[in-house]
Each structure stands twice: as structure tokens, then as C-alpha cells.
Amino acid sequence: MSLDLKRVASEPLTSSAPLVEELRKAQKPRTEHRLGLEHEKFIYPVGSAQPVPYEGPNGVGALLEKLASGGYDPFRETPQSPVIALQKGMAAISLEPGGQFELSGSPFFTAREAHAENLAHLTETKAAAKALGLRLVALGYRPVGTTGEMPWMPKTRYQVMRRTLPTRGRLALNMMLMTSTGQVSLDWADEADCVKKTVTVARLSPLLVALYANSPLLEGKPSGYMTFRSRVWEEVDPTRCGYLPSWFDGSFSYQAYVDWALDAPLLFLRRQGEYRHPELTFRQLLKEGYEGKPPDMGDWTDHLSTLFPEVRLKKVLEVRGADCASAAMTGALGALWRGILYDAQALDEAQLLLPRLNFTEHLSFHDTARREGLAGKLGAHELHRLAAEMVAIAKRGLLRLDPLDAPLLAPLEAVAASGKSPAQAVLDAWAEDPRPEVLMTRFEL
């Protein structure tokens, strides 16, 4: 989550070496490794499936203003601009382009602390929303409506991306306006640790997609996918989304990630308080400059925030494959990856869970997961059994690392044991009563 703070000038960039060094600077001793949760959700009026605009006495802006009285610092792009985010300590509440409401949580040592923070946020937000006749809904994609019917939040960055990103992919606006997700951010110790964790998460991501698939509807009909949210990312921008081939051929490194990012086109550059759109990759910007000046680290930080791979590296490692789900499932997300990535034995076990697939084979695996969810197969292996073993690896890791986090995995254990992705409950509810306002009630947070 980016609050788009005012750019601070830094040393000019003339090579990729400082970009690699930025990843090295993000390294932390293992004793300092933390995790943070991000939880997006949709806002709808009680009794309605209409999207909520920013403006008005019962709008998203009014919800932010109501929450601000709880000790948050409001954030505005300029003194005259509307409030677009709230900050309290290291936690932030922000808005996605279509008004999806997001908590970017504080970094904690334990998953249960991150979960507790999210529960407190949900309690606070639900109370504020109720007073405005609004409710929070946990689905990965809006089950009804089109992009043309959606409101836009008053954030300059989004207005620019609204113009630039659709030139890169047919479903870019769907991603911005119609999707909602849960994410977890984690740390690494050194380059070898970063490589091992990133590659492991990438290879396991289809199982995560299947466990959290929660968006089977598109414009009021079954889409043919257990997670249409995941399908959307295929047509956003192939240069900045999906999987890196280097994750599957043994060549991944800090330099490999930087090289991949350098070849993605810029979505914008901020200059003199304005957003510009030079038609350059960052590699070309590094070589040619812009308006006679080289880029700086602020430009690189902006650029990294516009890249959306399944595993994203910034100052932390972000795991991005999950649909928005219940609070309990979101708490389980932090426990899952803490157990796998922060226990050495669990990380080794996780690396051996799946057959070694090449890049093309892995893309097919991912497609099966988003279409069929836990009912799919990888060769002769049933995905729900593989997912159950992934959760079991995480639990064994937590029992060695911190047993008090292990109970958070219970919802994932139940989902894997059922053999059904959460999306099946959405389809069953829709078949029982295809009124969108009723569906919203069923999946209200």
C-alpha cells in the first residue's frame, strides 16, 4: 500500500547497481523477521448490491471521516484534497481505485498479533459502516456490475493509471475496480534466503490460489473460474504481472528481479507535483533520462509499486495469490506463511512438496487452480490433498517455532479437508437465491 507521499529528491541513478543494493538493504537478521497482513474488502449499502461512491453523506469518504475520529491521522494529497487514507502508528487504512477498503497492518513477530490487529480494525470499521448504513463484504471479485458502473476514488495516481494501464491489458480496469484480496508481507535474511523463500512461494502459489478461491461470479453468472480475480491478472500487463521465468529455471537473484522490473514500462513519473507518462521502460529511463535528467530512487520506488507479480519484492516479500476471505481465513494466511517460511525445516519440506515444474508447466498448474480450485489435479495429485499437506507443513513449522500461532491454521485445515474451495459456497448460495443483495448478506464480514 502506498500513500503516495511527497517525492524526496535523491541521488541520480546511472546504473542498476544501486537498485540491487536496495534489495540488499532490506535484509534483516532472522531474529527481527516479522509479518504484516493486508486485508481488502468491498463496501456495500445494507440491503443493496450497488457500489458505494466516495462522495455523499453515506459514501466511502464519510466512512473515512468517521473512522478518523478514532485516533487516526488523515492523509490528503494536498491540503485542499479529500481524505484518501488514514494512518495510526505503522498501520494504514487506504482505498483501492473502486473504493475497496484496505487495512495495511503493522509488522508483528507473530501471526496472532497481526490477526488481532485486523479483528480490531474490522470491529471498528463495521461499527462506523453500520452507522452510515453500510456493510463490509468478503469476496474476491464483485459478483455483479461492470467496470463502467463503478465509482473511482479521488486519488491522482489512480486517475493516471486509469489512462495508462488499460493500454497494457484488456482487464486492467477490472483489476483496479472489481477485485479484492488478502496479502501477507514477510522478511528475508540475505540473498540466498530471499531466493529460497521467493521461489518456494511462487511454486506453491497455485495451492494458495485454490485454498483462497472466493470469486466464481462475473456479472451475475458463474464465470467458469473458482477465482475470477486470479483470471483477471492474466490480462492486466504481461510485463508486470504473473510469474518470473527465473523462478523456475534456477537463475533467480536480486539482479534477476531488478532486470525483470527494468523491462516493465513506466505507468507514470512524478515531476513538479504532476504525473507524467513517458513511453519508456525503466531501463530506457535509466539510459536516456527524462527531460534531460536521470531518474532517482524515488522513481524506482514508484515503479516497483506498479508491478504486480505473484510474489513482489520491495522492502518486504509480498505474497499476492489469495482472494479476499473471512477474517479467520485472513488470519490463517499469516500463520501459513510464517510456519512455512520462518522455520528452516518447514521451508525445506515445502520445497519438496510438488513435482519440479518448468515455467510452462507451472502456468498450466496455476490455470487449473484458478479454474477448478481444490477440486483440480496436478497430474495424478489432487490439489486438495497437496493443499492439506502444505498446511500441515506450516503447522509443523509453527509447532517448532511458536505453538500459539498454530491454532490460526484451523480454517485452512477445514477447507483443505473438505476438498472444496470457498468459491463453492458462493456458487451454492447463488444457486439457492440469485439476488445479489442476499449474497452480500451471506458473505458479510
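Named according to an unreviewed UniProt entry, the protein chain is Glutamate--cysteine ligase originating from Corallococcus praedator. You can read under Sequence similarities (unreviewed entry) in the UniProt record for the protein chain the words "Belongs to the glutamate--cysteine ligase type 2 family. EgtA subfamily." Reading the Catalytic activity (unreviewed entry) entry of the UniProt record for the protein chain gives the comment "L-cysteine + L-glutamate + ATP = gamma-L-glutamyl-L-cysteine + ADP + phosphate + H(+)".

> Would you mind showing me how to read empty space enclosed by the protein here?
Remark: the empty space left among the atoms is shown by a probe the size of a water molecule rolled over them. A full pass over the atoms with the stated rule returns 1 cavity of 30 Å³ or more. Its boundaries defined by the atoms lining it, the largest cavity holds a volume of some 500 Å³. If you trace the largest cavity, you find 29 residues lining it, with Glu40, Glu96, Phe308, Arg312 and Arg320 closest to the centre. Looking at the lining of the largest cavity, the elements that each hand over two or more residues are strand 1 (35–45), helix 4 (156–164), helix 5 (172–178), strand 7 (181–186), helix 7 (228–232) and strand 13 (308–309). Per-element tally for the lining of the largest cavity: the top contributor is helix 4, with 3 residues. Taken together, the residues of the lining of the largest cavity sort by class into 9 nonpolar, 9 polar and 11 charged.

> When you look at the environment of Leu409 in this model, what are you seeing that I'm missing?
Along the polypeptide, Leu409 turns up in the loop between helix 14 (383–401) and helix 15 (410–418). For the pair formed by Leu409 and Thr330, sequence separation is 79 residues and the distance between their alpha carbons is 10.0 Å. When near neighbours in sequence (up to four residues on either side) are disregarded, Leu409 contacts Ala332, Ala335, Leu336, Val391, Ala394, Lys395 and Leu398.

> For this particular structure, what's the right way to read the packing of helix 12 (residues 344–351) against helix 14?
Two packed helices can be described by the angle between their axes and the distance between those axes. Orientation of helix 12 relative to helix 14, taken along the N-to-C sense of each, is 170°, at an axis distance of 8 Å. Classified by the interaxial angle, the pair formed by helix 12 and helix 14 is roughly antiparallel. The handedness of the crossing between helix 12 and helix 14 comes out as right-handed. For the pair formed by helix 12 and helix 14, the contact residues are Gln345, Ala346, Glu349 and Ala350 on the first element and Ile393, Arg396, Gly397 and Arg400 on the second. Grouping the constituent residues of the contact of helix 12 with helix 14 by class yields 3 nonpolar, 2 polar and 3 charged.

> Would you take a moment to explain helix 11 (residues 327–341) for this structure?
Structural remark: α-helix, 3.6 residues per turn; residues separated by three or four positions point the same way. Taking 1.5 Å of rise per residue, the 15 residues of helix 11 would be expected to cover 21 Å, and the 22 Å separating its terminal C-alpha atoms lies within 8% of that figure. The buried count for helix 11 comes to 14 of 15 residues, which makes it a mostly enclosed element.

> I tried to follow the nonpolar core on my own but got confused; where do I start?
Generally speaking, a soluble globular protein has its nonpolar side chains buried in company with each other. If you look at the biggest cluster of nonpolar residues, it comprises 87 residues, and the most contacted ones within it are Leu211, Tyr212, Trp300, Leu336, Trp337 and Ile340. Setting aside residues no more than four positions away along its own chain, Trp300 makes contact with Leu13, Leu19, Val258, Ala261, Leu262 and Phe282. One finds Val60, Leu122, Leu132 and Cys324 within the second-largest nonpolar core, a separate group that totals 28 residues.

> What exactly am I supposed to notice about the side chain of Ser81 here?
Structurally, Ser81 is set in the loop between strand 2 (73–75) and strand 3 (85–88). In terms of polar contacts, Ser81 uses its side chain to reach the side chain of Thr78, at 2.6 Å.

> Would you take a moment to explain unusual backbone geometry for this structure?
Trans is the prevailing form of peptide bonds, just as negative phi is the prevailing case for residues other than glycine. We note that Gln272 has phi near 50°; this positive angle belongs to a residue other than glycine. Looking at where Gln272 falls in the secondary structure, it is placed in the loop between strand 11 (269–271) and strand 12 (274–276). Of note in this structure, Glu291 is not a glycine but carries a positive phi near 50°. Taking relative accessible area as the criterion, Glu291 reaches 53% and is therefore assigned exposed.

> For this particular structure, what's the right way to read the pattern of salt bridges?
Between side chains of opposite charge, a pair can form when the charged atoms approach closely. Here the structure, examined in full by the defined rule, presents 37 salt bridges. The closest approach of N and O atoms between Glu22 and Lys25, which form a salt bridge, is 3.4 Å. Of this pair, Glu22 and Lys25 both sit in helix 1 (residues 17–25), 3 residues apart, which is roughly one turn of that helix. Owing to a relative accessible area of 22%, Glu22 belongs among the partly exposed residues under this scheme. In this structure, Arg231 and Glu235 form a salt bridge, with 2.6 Å as the shortest nitrogen-oxygen distance. Judged by relative accessible area, Glu235 falls into the partly exposed class, the value being 22%. In the salt-bridge network here, residues are joined through shared partners; they are Arg170, Arg231, Glu234, Glu235, Asp367, Arg370 and Arg371.

> Mind showing me how you'd approach the pairing of strand 4 (residues 91–95) here?
In regular strands, side chains alternate between the two faces of the sheet. Within strand 4, 5 of the 5 residues are buried, leaving the element largely enclosed by the surrounding structure. Of the two faces of strand 4, the one lined by Ala91, Ile93 and Leu95 and the one lined by Ala92 and Ser94 are each fully buried. One ladder, built from 4 bridges, connects strand 3 with strand 4; its direction is antiparallel. Looking at strand 4, one finds that Ala85 is bridged to Ser94. Between the end of strand 3 and the start of strand 4, which pair antiparallel, lie 2 residues, with Gly89 showing a positive phi angle near 65°. Across 4 bridges, the pairing between strand 4 and strand 5 (residues 101–104) is antiparallel. Residue Leu95 lies in a different strand from strand 5, and its bridge partner there is Phe101. Counting the residues in the hairpin turn of strand 4 and strand 5 gives 5 residues, including Gly99, whose phi is positive at 95°.

Procedures and definitions
Residues numbered from 1 in each chain as written. Predicted model: local features only at pLDDT ≥ 70, side-chain atom pairs only at ≥ 80, totals over all residues. Heavy atoms only, no water. UniProt positions renumbered as here; feature names shortened; annotations may be inferred. 1 Å grid on protein atoms, 1.4 Å probe; cavity = no way out; pocket = protein on both sides within 12 Å on 5 of 7 lines; lining within 4 Å. Points joined across faces, edges and corners; volume = space filled by probe spheres on them. Helix = DSSP H or I, 4+ residues; strand = E, 2+ residues; numbered from the N terminus. Nonpolar A, V, L, I, M, F, W, Y, C, P; charged D, E, K, R; others polar. Contact = heavy atoms within 4.5 Å. Axes fitted to C-alpha atoms, helices over the stretch in contact; angles between N-to-C directions. Parallel < 35°, antiparallel > 145°, perpendicular 65-115°, else oblique. Left-handed = near helix turned anticlockwise from the far one by under 90°. Expected span 1.5 Å × (residues − 1). Buried < 20%, exposed > 50% of the residue type's maximum accessible area, 1.4 Å probe, protein only. Core = buried A, V, L, I, M, F, W, Y, C linked by side-chain atoms within 4.5 Å. Polar contact = N/O pair within 3.5 Å; in protein donor to acceptor, adjacent residues only side chain to side chain. Salt bridge = Lys/Arg side-chain N within 4 Å of Asp/Glu carboxyl O. Pairing = 2+ DSSP bridges.

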